[in-house]
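Architecture and fold: a report
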Amino acid sequence: MDYDPQELETRWRRRWAEEGRYEADPAADAADEDPTFITVPYPYPSGGMHIGHARTYTVPDVYARYRRQRGDNVLFPIAWHVTGTPIIGAVERLKKGEEEQLSVLRDTYNVDEDTLQDLETPMGYARHFIEDHYKKGMKDLGLSIDWRREFTTNDERYSKFVTWQYETLRDRGRLEKGLHPVKYCTNEEQPVTTHDLLEGEEAEFQEYTLIRFGRGDTIVPMATLRPETVRGVTNAYIDPDADYVIADVDDEEWFVSAPAVEKLQLQGYEVVPKRTVSGEHLVGEYVTNPITGDDVLVLPAAFVDDENATGVVMSVPAHSPDDYVALQEAKAADERLADYGIDPADVAAIDPVPILSIEGYGEIPAKTAVEEAGIESSTDPALEAATQELYNREFHQGQLNDEYGEFAGEVVEDVRDRFREAHREEGAFGTMQEFSEEVVCRCGGDVVVAEQDTWFLRYNDEDWKRAAHDAVAEMEAIPENTRGEYDHTIDWLNEWPCIRNYGLGTHLPWDEDFVIEPLSDSTIYMAYYTIAHRLREIPTEDLDREFFDALFYGADAVEDPDERALELRAEWRYWYPVTYRFSANDLISNHLTFYLFHHAELFDPEQWPDGIVIMGMGLLEGEKMSSSKGHVVLPGTAIEEYGADTVRFFLLNSAEPWQDYDWRAEQVASVRNQLARFWNRAQDIVDDPGPEKRPDLATEDRWLLSRLQRTVAKVTDAMEGSETRTASQAAFYDFEEDLRWYRRRTDRSRPAARWTLRQVLETRLRLLAPFVPFLTNELHEQLTGTPAEDAPWPEIDAALLDSEIEAAESQVERLVEDIQGIQQSLANAEEAVPEADPDQIRVTVAADWKQQVFETVAEVGADQGAVMSEVMQEPDLRERGNAVNDLVGELTEFARGREDADLDALAAIDEAAAYERAADFLGEEFDAEVVVQTEGEDVEAQKQAVPFRPAIELEVE
């Protein structure tokens, strides 16, 4: 029977669906079951499913399948996240006929023209990608999902659940309304969060100090993150070609860039533009430093970004390598300065003004930094690093000069905030918020910082933070080194705006003008999975606050509990807590930590998450996947070409879940070929499985069965830690090496060999069932009459473990490699050496006294002094003097790094007997007579064999 993955996978998918195979319900006697609840972030169907998503959802499926084979009742559900505006934005771009959007839909996700019109409503768009991409892809991959529990986040019943959550949080004081800096899309005219961003997901809020330079009665504010450097300002820069605005700002006249107007308005300033001018309007003018009273010249500069802050920047050349180099270049640009009516002599007269001292730098630190780095122009890549290095050093070590008065002599790190506040109070400084990098919304709009009167979650409450830290401490973090990332996120999280002006989702219960944003409505939906399918039986209007209070807090939480809620409570308590949540590493900084915060607040510790498994990112042929650029592989395409088992196995075996992986077509094709070979060899065993009753086993049979037990142990241990690569590597590739040796070593037509191979195949099929369920179920059913997933997970059979046989067989394998090495060396000689093709191979095993020394090494360990002390107690060994000393040195080196159990196994074997048993095999392998002997009176002393490294002689007649 040939391997046809498409045929057999189609058949198994149909069978699973007909059986409702993965629909999980509590047993009548729940105490007899051990439930496992696996979740993964529900997809956001603003586009199609690609191969990166396939891995995201297949990793938890492997663990779910594994736990079922261990006897657990496993729930693995999925739902669809449609909250927010990305889907609305995608629909709007589609309706406008934006070519990039149409290209993604047509070329990347294969949406035909007739279907495009169905995508012109938000839920029509979402449903297309849910049904035709995600759901179909998940089913094609064989994910063991309970489909009864699916929902979308704008379903009426789910919204009732979210309403309960937010009413509860408000009543507990975890919600508050007030002004708060938010990420604001200027296109959608509403706040956005990380999930809505196309660029700048990692951007942070930065509070700039506005230094209120003056030009007559006009304020020319300049933004800086280093307000203490104001005394070192020597000049300013502006983009002469950009648009600037003269505007009334809070009853003052300000000069700022055009983009700054909207930003200032959104940050609480009252701004009334009066007229627009070019930046050249200010070039060559002087503005007054509000702290020193000095007038500084404004110079033209193309490097000024009018999109950043106010679009006018101050220059501190003594303490900024950037500014130092820019000033030198300005001094050398006489012709350009003259074009703007600036006297070059005025620029030549500008000298850096030092404002602090720092060890290791000269009077002008920026000059020292530039010269030591060999920087000669503003285009030198080393300039950025030199600037950051000096900024850091000055912040932590720089001491302000005497002109700073009460702040003189203090380190910048200790004084910056006090210095800024002092000058704010006197009116010389203002404030403005900006991002650390450019931020762009998925709709294509610019995202800026805005001060909004909004509802926000009080993640800064110390008692809430403590509870979240407790949740981290009690859960299992996989890998363990991610635990600190949760604690770090908890520490820095502040208030989190949780509403939007519009979009899909649940409206804020007490203010219908707002919608709860996507990251805030997706914190405890795992609880909803447990009862989603049964809530459909209950009228929506009955799902009020008291219903959910009774469901999650019990009969005593309300005066007249709904019996239906109490029935659902039993199912929720049966499944909860979540055993493992599998999620992406980048979600630790938001969703996953919110998940911990909300569970810590709303549920008791016994319902807090048991564990979180982090997953890495995917590459495609070495490059980042991109739907917009068409650089993706669709699961359907891959499955059609290779089969679902191949796709699964590659994704799971190429890296551990938390590591990044790289989809490479050539390697995927190789996996397909390897599975086909596995299938074909399995068919040989299915056709001739050998005797039912166990026959007498040969040494090599016992060796293979012992190796199988080691494999069961390694795979089981790896699966317990969600190490899918380690597990699949051991069960498939590593054991294939053992089988390759076994096939070489034995006559497979023997009844004992056929029986052994059947036992091995049956066990391996069960070990591999979580990874390649279609192939393994089919073969296991052919072999035993039962699908692999219905068979229990293999247990280690201690009676089949035999360390001595494994050690002896390893020595035979090593002997073969040594003989081959000698043959190769002789064959490479300049002149022909007949012994390269020997008639006889003489294998001389180390003398008994040498074996005695090794036994001492195995007992004492790889401590040469301790071993010598022990062996010198034996008169026979003491008489051998230097020979024993040399041997101890060699054997302790051999033992170093080896496990005690391995050394004990080696010490227990009869090396000569092991080679004697393999003599026939060795003879056939090398087409020569093999003679095994032991050093002694009748064997020449110069053989110089040592334990486990016999002397080898190749002889010709």
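A quick note: this is a predicted structure, and the numbers were derived from the prediction, not measured.

Moving on, we come to the overall build of the protein chain. Looking only at helices and strands, the protein chain has 36 helices and 32 strands in total. Among the 957 residues that make up the protein chain, the fraction classed as buried is 57%. Long-range pairs, those at least 24 residues apart, make up 77% of the contacts in the protein chain between residues at least 6 apart in sequence. When the accessible surface of the protein chain is summed, it comes to about 40,500 Å², and 42% of that surface belongs to carbon and sulfur atoms.

If you walk across this open sheet you meet the three strands as S31-S30-S32, and the pairing is mixed. Single-partner strands in this sheet number two, and they are strand S31 (929-934) and strand S32 (951-955). Averaged over all pairs of adjacent strands, the angle between their axes in this sheet comes to 15°, without regard to strand direction. Relative to S32, strand S30 (residues 840-845) is paired through five bridges, and the arrangement is antiparallel. Across the sheet, the residue bridging to valine 843 is isoleucine 952, located in S32.

Counting 128 residues, the largest nonpolar core has Ile51, Met138, Trp663 and Ile841 as the members making the most contacts within it. Of all hydrophobic cores here, the second largest spans 71 residues; its members include Trp496, Cys498, Ile499 and Phe597.

Phe547, Phe548, Asp549, Ala550, Leu551 and Phe552 are the residues of helix H19 (residues 545-553) that are buried. The inward-facing, buried residues of H19 abut helix H7 (156-171), helix H17 (525-529), helix H18 (532-535) and helix H20 (563-575). Glycine 554 lies just past H19 and shows a positive phi near 95°.

Two strands pair when backbone bridges link them, and strand S6 (residues 205-215) and strand S17 (residues 429-435) are joined in this way by seven bridges, in the antiparallel orientation. Its bridge partner lying in S17, glutamine 206 is registered against glutamate 434. Alignment of S6 against strand S7 (residues 218-224), held across seven bridges, turns out to be antiparallel. Looking at S7, one finds that arginine 212 is bridged to proline 221. Between S6 and S7, which pair antiparallel and follow one another directly, the connecting turn spans two residues, one of which, glycine 216, has a positive phi of 65°.

For the coordinates displayed, the defined rule picks out 60 aromatic pairs. For the ring pair tyrosine 525 and tyrosine 529, a centre distance of 5.7 Å and an interplane angle of 70° mean the geometry is edge-to-face. Of this pair, tyrosine 525 and tyrosine 529 are both found in helix H17, four residues apart, which corresponds to roughly one turn of the helix. In this structure, tyrosine 525 and tyrosine 529 share a single accessibility class: buried. Taking the centre distance of 5.5 Å and the plane angle of 35° together, the rings of tryptophan 572 and tyrosine 576 count as tilted. Residue tryptophan 572 shares its accessibility class with tyrosine 576, and that shared class is buried. Geometry around tryptophan 510 places arginine 170 over its ring, the cationic atom sitting 4.2 Å from the centre. Over the ring of tyrosine 595 we find arginine 581, and its NZ or CZ is 5.6 Å from the ring centre.

Taken N-terminus to C-terminus, the directions of helix H23 (residues 644-653) and helix H28 (residues 773-784) make an angle of 120°; their axes are 7 Å apart at the nearest point. As far as their axial angle goes, H28 and H23 are oblique. Facing Ala644, Asp645 and Arg648 of H23, the residues of H28 in contact are Pro773, Phe774 and Leu775. Of the residues assigned to the contact of H23 with H28, the class counts are four nonpolar, no polar and two charged.

Further remarks concern the sheet that holds strand S29 (residues 661-663). Pairing is mixed in the open sheet, where three strands are placed in the order S28-S27-S29. The open sheet has two free edges, formed respectively by strand S28 (623-624) and S29, since each of these has just one partner strand. Strand direction decides the pairing type here: strand S27 (residues 618-620) and S29, joined by three bridges, are parallel. In the strand pairing of S29, leucine 620 is matched with tryptophan 663.

Counted according to the given criterion, the structure contains 72 salt bridges. A salt bridge links aspartate 790 to arginine 21, with the nearest nitrogen and oxygen atoms 2.6 Å apart. Placement of the pair is aspartate 790 in the loop between H28 and helix H29 (803-827) and arginine 21 in the loop between helix H1 (5-19) and strand S1 (35-39), with a sequence separation of 769 residues. For arginine 534, the salt bridge goes to glutamate 567, with nearest N and O atoms at 3.6 Å.

This paragraph deals with the environment of threonine 637. Structurally, threonine 637 is set in helix H22 (residues 635-642). A sequence separation of 316 residues divides threonine 637 from proline 321, and the C-alpha atoms of the two residues are 53 Å apart.

We now examine a negative patch on the surface. A cluster of acidic residues, Glu189, Glu199, Glu201, Glu202, Glu204, Glu262, Asp305, Glu307, Glu437, Glu438, Asp446 and Asp586, forms a negative patch on the protein surface. Turning to its location among the elements, glutamate 437 is positioned in the loop between S17 and strand S18 (440-441).

The subject of this paragraph is the side chain of serine 583. Its location among the elements puts serine 583 in strand S25 (residues 580-584). In this structure serine 583 comes out as buried when scored by relative accessible area, which is 0%. Excluding residues within four positions of it along the chain, serine 583 makes contact with Pro41, His591, Leu592, Val613, Ile614 and Met615.

Our next topic: the packing of helix H2 (residues 51-69) against helix H25 (residues 699-720). For any two helices packed against each other, the geometry is given by the interaxial angle and the distance between the axes. In the contact formed by H2 and H25, the axes pass within 11 Å of each other and the chain directions differ by 120°. Of the possible angle classes, the one that applies to H2 and H25 is oblique. In this structure, H2 crosses over H25, and the sense of that crossing is left-handed. The residues of H25 that touch H2, namely those facing Val62, Tyr63, Tyr66 and Arg67, are Thr716, Met719 and Glu720.

Looking now at H7. Residue pairs spaced three or four apart in an α-helix point in one direction, given the helix's 3.6 residues per turn. Here H7 contains 16 residues, and its C-alpha end-to-end distance of 23 Å stays within 8% of the 22 Å for a straight helix at 1.5 Å per residue. Looking at H7, one finds that the buried residues are Tyr158, Ser159, Phe161, Val162, Thr163, Trp164, Gln165, Tyr166, Glu167, Thr168 and Leu169. Backbone geometry just after H7 places glycine 173 at a positive phi near 80°.

Moving on: the environment of valine 59. Looking at the secondary structure, you find valine 59 in helix H2. On the basis of relative accessible area, valine 59 is assigned to the buried category, the value being 2%. Along the backbone, valine 59 and leucine 651 are 592 residues apart, and their C-alpha atoms lie at a distance of 8.4 Å. Discounting residues that sit within four places of it in the chain, valine 59 has contacts with Phe582, Met615, Leu652 and Pro657.

Bringing unusual backbone geometry into the picture now. Residues apart from glycine generally show negative phi values, whereas peptide bonds are mostly found in trans. Following isoleucine 478, the chain continues into proline 479 via a peptide bond in cis, with omega recorded as -5°. Looking at the secondary structure, you find proline 479 in the loop between strand S20 (476-478) and helix H16 (483-492). The omega angle of the peptide bond from tyrosine 576 to proline 577 is 10°, so this bond is cis rather than trans. With respect to the helices, strands and loops of the structure, proline 577 is situated in the loop between H20 and S25. With phi around 60°, glutamate 189 is a residue other than glycine that occupies positive phi space. Along the chain, glutamate 189 turns up in the loop between strand S3 (175-185) and strand S4 (190-192). With a relative accessible area of 52%, glutamate 189 lands in the exposed category.

What follows concerns the environment of valine 932. Looking at the element boundaries, valine 932 is found in strand S31. Measuring from C-alpha to C-alpha, the distance between valine 932 and isoleucine 841 comes to 8.5 Å, with 91 residues separating the pair along the chain. When residues no more than four places from it in sequence are discounted, the contact partners of valine 932 are Val843, Val845, Ala912, Tyr915 and Glu916.

Each value, and the rule that gives it
Residues numbered from 1 in each chain as written. Predicted model: local features only at pLDDT ≥ 70, side-chain atom pairs only at ≥ 80, totals over all residues. Heavy atoms only, no water. Helix = DSSP H or I, 4+ residues; strand = E, 2+ residues; numbered from the N terminus. Buried < 20%, exposed > 50% of the residue type's maximum accessible area, 1.4 Å probe, protein only. Contact = heavy atoms within 4.5 Å. Areas by Shrake-Rupley, 256 points an atom, 1.4 Å probe, with all protein chains shown as cover. Pairing = 2+ DSSP bridges. Axes fitted to C-alpha atoms, helices over the stretch in contact; angles between N-to-C directions. Core = buried A, V, L, I, M, F, W, Y, C linked by side-chain atoms within 4.5 Å. Phe/Tyr/Trp six-rings, centres within 6.5 Å; stacked < 30°, edge-to-face > 60°. Lys NZ or Arg CZ within 6 Å of the ring centre and 35° of its normal. Parallel < 35°, antiparallel > 145°, perpendicular 65-115°, else oblique. Nonpolar A, V, L, I, M, F, W, Y, C, P; charged D, E, K, R; others polar. Salt bridge = Lys/Arg side-chain N within 4 Å of Asp/Glu carboxyl O. Patch = residues over 30% accessible without salt bridge, like charges linked within 9 Å, V, L, I, M, F, W, Y side chains within 5 Å. Lys, Arg positive; Asp, Glu negative; His and termini not counted. Charge placed at Lys NZ, Arg CZ, Asp CG, Glu CD. Left-handed = near helix turned anticlockwise from the far one by under 90°. Expected span 1.5 Å × (residues − 1).

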